[in-house]
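The chain contents come next:
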Amino acid sequence: DKRTQLIGFLSEENVDVLGLQETRRTADMEPIHIPNYEVFESKPEKVGRGSLGIALFIHKNLKSERLDGSENMIWVRVRRSNKSFIVCNVYIPTANANGKQSETKKELKNKIKTYCKQEENCNLIILGDFNMRPSILKNWIRSVGVPLETVKLDENAITFRGQNGSVIDYILYKGPNLYFISGSVSNEFEISDHNALLATVEYYSNVRREVVKQVNR
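As a starting point, this report considers the structure included with it.

What counts and what doesn't
- Residues numbered from 1 in each chain as written.
- Predicted model: local features only at pLDDT ≥ 70, side-chain atom pairs only at ≥ 80, totals over all residues.
- Heavy atoms only, no water.
- Pairing = 2+ DSSP bridges.
- Helix = DSSP H or I, 4+ residues; strand = E, 2+ residues; numbered from the N terminus.
- Contact = heavy atoms within 4.5 Å.
- Axes fitted to C-alpha atoms, helices over the stretch in contact; angles between N-to-C directions.
- Buried < 20%, exposed > 50% of the residue type's maximum accessible area, 1.4 Å probe, protein only.
- 1 Å grid on protein atoms, 1.4 Å probe; cavity = no way out; pocket = protein on both sides within 12 Å on 5 of 7 lines; lining within 4 Å.
- Points joined across faces, edges and corners; volume = space filled by probe spheres on them.
- Nonpolar A, V, L, I, M, F, W, Y, C, P; charged D, E, K, R; others polar.

**Comments concerning the sheet that holds strand 5 (residues 73-80)**
Here's step 1: The 6 strands are arranged 4-5-6-7-9-8 in an open sheet whose pairing can be described as mixed. What marks the edges here is a single partner per strand, and that holds for strand 4 (63-70) and strand 8 (149-150).
Here's step 2: The pairing of strand 6 (residues 83-91) with strand 7 (residues 124-129) spans 6 bridges and is classified as parallel. The partner of I86 across the bridge, within strand 7, is L124.
Here's step 3: Strands strand 4, strand 5, strand 6, strand 7 and strand 9 (169-174) of the sheet are contacted by helix 2 (residues 100-118), whose axis makes an angle of about 30° with strand 5.
Here's step 4: Across the sheet, helix 3 (residues 134-144) touches strand 8 and strand 9, and the angle it forms with strand 9 is around 30°.

Listed below in structure tokens is the structure:
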């Protein structure tokens, strides 16, 4: 049972924020209920290329509010006391998804720029399946024109177990208050053909430092 496996993973890893891509859940399905988590979903009418569904789970020890969303991305503001950051869960389709890859990349780029213009010191985390190798992602980040950092992984890390293993899943971030400890990959996430990408973000402020667990797969 995938729900039971998911609950076990959240508990074992002490996850505060979880992004899932390719959920294959359609609009007619009942909402997901996971104890102690707010669940935000984007579900297509029908599963197809580039339309596979995504979900973002936020632990209830954090306040969360959906800001925006579309078929392949969900934007949520997360708060704890006077601290705030924006999380985006994104799925960028593969190149053979009827043009949806370029559409989603363009949409993501525009949304990043919009939020950064709205908030001068925006704390932003973008996590998900980018379907881009590291060198291609680096060029795409450069094209965005916003100083995004990538959570570092071990040089031998693999996030996607198919195609002889590759890295196509990432956590990107920017903001004066965010600092990520190097990420790690867990192959214990058996409900997916992707490994789980884990990282801990530390939130620095003038008052004290708080720690939030982060995962994208």
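Don't stop here, the text continues.
**Observations concerning the side chain of S166**
Here's step 1: Tracing the chain through its elements places S166 in the loop between strand 8 and strand 9.
Here's step 2: In this structure S166 comes out as buried when scored by relative accessible area, which is 6%.

**Focus on the layout of surface pockets**
Here's step 1: In this structure, the largest pocket spans a volume of roughly 580 Å³.
Here's step 2: Lining the largest pocket are 24 residues, and of these K2, Q21, E22, T23 and I191 sit closest to its centre.
Here's step 3: Mapped onto the lining of the largest pocket, the elements with two or more residues apiece are helix 1 (2-13) and strand 1 (17-21).
Here's step 4: In terms of residue count, the dominant contributor to the lining of the largest pocket is helix 1 (3 residues).
Here's step 5: Taken together, the residues of the lining of the largest pocket sort by class into 9 nonpolar, 7 polar and 8 charged.
Here's step 6: There is about 290 Å³ of room inside the second largest pocket.
Here's step 7: Lining the second largest pocket are 15 residues, and of these P134, T150, V151, K152 and Y170 sit closest to its centre.
Here's step 8: Elements represented by at least two residues in the lining of the second largest pocket include exactly helix 3 and strand 8.
Here's step 9: The dominant element in the lining of the second largest pocket, judged by the number of residues it contributes, is helix 3, at 4 residues.

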